[in-house]
Amino acid sequence: MSTKAEILSEIIKNRRSVFPESYTQEEIPTNIVEQILESANYAPTHKLTQPWRFTVIRKNAKAKLAAEMGRIYKEQTPAEKFLQKKHDSFAQKTAQADTVIAINIQFHEDKVPNWEEIAAVACAVQNMALTAESLNVGAYWSSPPLIAHLDSFLGLAENEKCYGLFYMGKHSEEPRLANRTPMADKVKWMGE
Ligand SMILES: Cc1cc2nc3c(=O)[nH]c(=O)nc-3n(C[C@H](O)[C@H](O)[C@H](O)COP(=O)(O)O)c2cc1C
């Protein structure tokens, strides 16, 4: 029997970013999406601000998101840099995904600095990624620059901002090893 630490370590190490081109079209049941979201709520949060806000985009809303992304991309890209392929990739990716979750942050500048809210939301997203891994759901955090312009599409309030799109889909990818340099290169120990 595996210990809790062994199970946790396996989930942490096996979690990979899984991209829409690897997703099958198998539907993710709503209760599984809810389970993944619920795990976000257990992230640590300074002064209990719980700044994570999510917009779950599924079914016909995915095409609406893709159309909005295409519109923003066209609007923000100088004509000589515009790539039709890039423009069309938004529709492709959202169609391949079962669910896209907009990762939004509600800031509370009177309580904690913004970086603490961003850190708390990153913890929340990691909880979702680990829960997704444990449920055989592929996922990845996408952060194209155009997310800075999604506020009105997502109906965000003044103190809210979108920081990414969490694509999710069932997949049949073989486990991939993490591409990392040794931890020892990144740690300095102090003390006897
Ligand atoms: C905040 C954040 C933003 C990211 N944005 C993108 C992105 O825009 N496009 C992308 O392909 N991957 C993105 N990723 C995923 C990374 O590419 C991925 O985590 C990295 O390659 C390591 O692979 P792994 O997640 O499988 O360990 C993002 C990850 C994080 C944490």
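Described in the following lines is the structure provided in the data block.

Here is what the cut-offs are and how they apply
Residues numbered from 1 in each chain as written. Predicted model: local features only at pLDDT ≥ 70, side-chain atom pairs only at ≥ 80, totals over all residues. Axes fitted to C-alpha atoms, helices over the stretch in contact; angles between N-to-C directions. Helix = DSSP H or I, 4+ residues; strand = E, 2+ residues; numbered from the N terminus. Parallel < 35°, antiparallel > 145°, perpendicular 65-115°, else oblique. Left-handed = near helix turned anticlockwise from the far one by under 90°. Contact = placed C-beta atoms within 7 Å. Nonpolar A, V, L, I, M, F, W, Y, C, P; charged D, E, K, R; others polar. Buried ≥ 20, exposed ≤ 12 C-beta atoms within 10 Å, placed from the backbone.

Considering the packing of helix H3 (residues 60-76) against helix H4 (residues 84-96)
Right, on to step 1. Contact geometry of H3 with H4 gives a least axis separation of 9 Å together with a crossing angle of 160°. If you check the angle between H3 and H4, you find them roughly antiparallel. Taken as a pair, H3 and H4 cross one another with a handedness that is right-handed. On the side of H3, the interface is formed by Lys-62, Ala-63, Leu-65, Ala-66, Met-69, Gly-70, Tyr-73 and Lys-74, while H4 contributes Lys-86, His-87, Phe-90, Ala-91, Thr-94 and Ala-95.
Right, on to step 2. Its residues assigned to classes, the contact of H3 with H4 shows 8 nonpolar, 3 polar and 3 charged.

Considerations on the environment of Asn-31
Right, on to step 1. Position of Asn-31 relative to the elements: it lies in helix H2 (residues 30-40).
Right, on to step 2. C-alpha separation for the pair Asn-31 and Ala-63, spaced 32 residues apart in sequence, amounts to 22 Å.

Comments concerning the environment of Ile-118
Right, on to step 1. Mapped onto the secondary structure, Ile-118 falls in helix H5 (residues 114-134).
Right, on to step 2. For Ile-118, a count of 15 C-beta atoms within 10 Å puts it in the partly exposed group.
Right, on to step 3. Expressed as a C-alpha distance, the spacing of Ile-118 and Ile-36, which sit 82 residues apart in the sequence, is 19 Å.
Right, on to step 4. Setting aside its immediate chain neighbours within four residues, Ile-118 contacts Ile-105 and Tyr-163.

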